[in-house]
Every structure is written in structure tokens, then in C-alpha cells.
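Residue strings, one per chain:
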Amino acid sequence: MVSKLVQVIMALVLILIFSVFIGVSQAQMRVGFYSETCPDVESTVRETVQDAALSKPNIPAVLLRLHFHDCFVQGCDGSILIDNGPDAEKHAFGHQGVGGYEVIEMAKANLESQCPGVVSCADIVALAARDALALANGPAYQVPTGRRDGLVSSTSLAADMPDVSDSIQKLKSKFLDKSLSEKDLVLLSAAHTIGTTACFFMTDRLYNFFPGGGSDPSISSEFLPELKAKCPQNGDVNVRLPIDHGSGETFDKSILENIRGGFAVLQSDASLTQDEATKNVVDSYFGSLNILFGPSFNDDFVESIVKMGQIGVLTGSQGEIRRACGAFN
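Numbers given to residues run from 1 along each chain, matching the order in which its sequence is written. Owing to the predicted nature of the model, reporting of local features is limited to residues with pLDDT of at least 70; listing and counting of side-chain atom pairs is limited to 80 or more, with chain, interface and lining totals taken over all residues. Hydrogens and water are ignored here; the side-chain numbers use all heavy atoms of the structure.

A. Quick look at the environment of R205. Turning to its location among the elements, R205 is positioned in helix 8 (residues 203-207). Sequence separation between R205 and N137 is 68 residues; the distance between their C-alpha atoms is 31 Å. Whether two residues are in contact is decided by their heavy atoms: any pair within 4.5 Å suffices. In contact with R205, not counting residues within four places along its chain, are G214, S215, D216, S218, I219, A264, V265, L266, Q267 and A270. Two N or O atoms form a polar contact when they lie within 3.5 Å of each other; inside protein one atom must be a possible hydrogen donor and the other a possible acceptor, and for residues adjacent in sequence the pair counts only when both atoms belong to side chains. Here the side chain of R205 touches A264 through a polar contact of 2.7 Å, landing on its backbone oxygen. What counts as a helix is a DSSP run of H or I of at least four residues, what counts as a strand is a run of E of at least two, and both are numbered from the N terminus.

Next up, the structure:
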């Protein structure tokens, strides 16, 4: 009798352990997370992004930046999408110029009509960034899904976003806080190979780099007059210019070549050559040995963006699945 009771207890314990294991496994992110619950999720997001790009050619850069900004505040939880008043995270100073919200909402609406309450907005942001990158001839890659949407959105939480005026040491520190390495810093900065910036972010670098005025000496003497012509002192700060000089619409490593040669548009990009660790990463993608032995810029970028996409994610029963991306349920 005692022996049978022990067997029953052991069986129950094993069932409990197995159930917990299954629950934990189901809570983890994985490629194809929605394969049974919403099988057309990836094609739906991809088609939505492609449609948006027909009328807005800058969509690849916009959605890639949205993914970055979402992940750097509280993790990749869609908190940047919330629009519930002036204190919502999206209105933070560090998120100036971030866009693409309407594309995410459209993809969400399309998915809600197919499988309501299943796909998170956080996952849509990550998938949309991947699909947008493909439109700029970027590398194809698989996106682990299974993120849940966050329950908090506040401007105060976005106070420590990486900034174009940050020193290389400050940038390294901010990335390290997110468990991202110097290599990740270089590669994710290289996402600037597509997209534009406003003269607003160039003014200090061009005219007030030192307390008494003057330009950043790291800017090539050949490039400086061109930048000043596009962004004249006391001119229109809303004028935009490509961040990757000469290759602003195609995803490639030319941004790193520009950085090496003094043709970086943003101060934060230029600073990558001012630190031995980040400079070595930049240099590793050039030279005759790179052609023969690598590393591969595209492969390394994919590794870094997938890694970034897993910062502070909510899974399992954490957070929620929003019905609309701009509002909590």
C-alpha cells in the first residue's frame, strides 16, 4: 500500500515537473512561434511593409530605427507605440523623428482580422524591421517571435537613449547596459547605412564643436564644405541629408568606409574610430584578408540585430497582447 502511494506521488511529481517544463518551453521565443495560432503572420507583415514602401521609400530606415528605439527602452516590448498622452514614451526627446507607427498599426489591424488577440505588437515591430531591411537589399534572416507587449510607457524611461553627441565611452556604456558589446555597437550603428538625418543634429558638430565655436576636426576637409552647404549656420534645421554619404538608400558597409575616411555624417558614428576596440571592429571589414577570410558584415549585422531584438523581452504570461498597438487593453 505504501509502495503504491509512493509510486503515485512520484508520478504526480513527474507530471508537475513536466508541466512546468512545457510551460517554460512554450514561454520562450522561437522562430515560427505563431505557426499554428496565426500561420500567415510573417507574410501579412511583409506585405504591409511592402505596400507602405510604395508611397514612402524611406520606410526601410524608418522601421529599422523604430525597432532600435523600442528595444532600448525597457526592452523590445512595443512600449514606444503607446499614444495615451504627452507623457507617453514616444514623445521623449530621445525619440525625436522616430516614425513608422502607422505601418505597425496597419499590420496589427490586418492580423487582428485573421487571428484576433494572438500576435503582439512587439513582434510586429521586429518582423517589420526585418522585412523593411530586405527592401534596401539588406540580408534576409529569421526572427524569433513570442514577445509580449509591455504595460508601461513613459517619457522618463527613455531619458538615457544613445545620442548623436555621446562620447564613445558613453555609447559603450549604454550598449553594455543592454548586454551589447563593442562589436554590436559598431554593427548597429552601421544601420545608418540607410536613412537620413536632420541638420538639427548637425549644428553643434559643424559650428559649435568647441566652446569657442568651430567644426569637429575629425570631419574630412573635403567633406566639411559639403556638409556646411547642406546645413548652413542659422539655416533650416529640418533639411535632411543621407547619413551614409553616397549610399543612403542601400544597405551595405559603405557607412563604415565613410567613418574610416572622415566622411561620417553623425558625430556618434565618427566616434567609432576614437576607441581601439570599436576601431578594430570597423577595420576588420576591410582589406585583402577580409575578402578571403571574413568576417562577413551582413552575417555579423544579423547576429547583432537578432541579439538586440531579445533585450528585456516579455514572454509567457508576462505583459499582454494588445488589441491595438497604440493603446493598452
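B. Inspection of the environment of E303 at higher detail. Following the sequence through the fold, E303 ends up in helix 14 (residues 297-308). In this structure, the C-alpha to C-alpha distance between E303 and C121, residues 182 residues apart in sequence, is 22 Å.

C. Main features of the packing of aromatic side chains. For Phe, Tyr and Trp, where Trp contributes only its six-membered ring, two rings pair if their centres lie within 6.5 Å, and the inter-plane angle classes them as stacked under 30 degrees, edge-to-face over 60, or tilted in between. Taken as a whole and judged by the stated rule, the model has 11 aromatic pairs. With 5.1 Å between their ring centres and 85 degrees between their planes, F33 and Y34 make a pair best called edge-to-face. You can call Y34 buried: its relative accessible area is 3%. Ring plane angle 80 degrees and centroid distance 5.8 Å describe the contact between Y285 and F297, whose orientation is recorded as edge-to-face. In this pair, Y285 sits in the loop between helix 12 (276-283) and helix 13 (288-293) while F297 sits in helix 14, placing the two residues 12 residues apart along the sequence. Think of it in three bands: with a 1.4 Å probe and only protein chains considered, a residue is buried below 20% of the maximum accessible area for its type, exposed above 50%, and partly exposed in between.

D. Region of the structure containing the confidence of the model for the protein. Each residue carries a pLDDT value, the predictor's own confidence for that position, ranging from 0 to 100. Mean pLDDT over the protein works out to 92, with 92% of the residues at or above the 70 mark. Long-range and interchain partners of residues 11-26, a stretch whose pLDDT sits below 50, account for 2 contacts in this model, where long-range means more than four residues apart.

E. View of a nonpolar patch on the surface. The patches described consist of residues with a relative accessible area above 30% and no salt bridge, like charges being joined within 9 Å and nonpolar side chains (Val, Leu, Ile, Met, Phe, Trp, Tyr) within 5 Å. Calculation of accessible area relied on Shrake-Rupley with a 1.4 Å probe; when residues are assessed, cover is drawn exclusively from the protein chains displayed. Take a side-chain nitrogen of Lys or Arg and a carboxyl oxygen of Asp or Glu: if they are within 4 Å of each other, that pair is a salt bridge. A surface patch of nonpolar side chains, about 540 Å² in accessible area, is lined by L289, I291, L292 and F293. Its location among the elements puts F293 in helix 13. Since its relative accessible area comes to 68%, F293 is described here as exposed.

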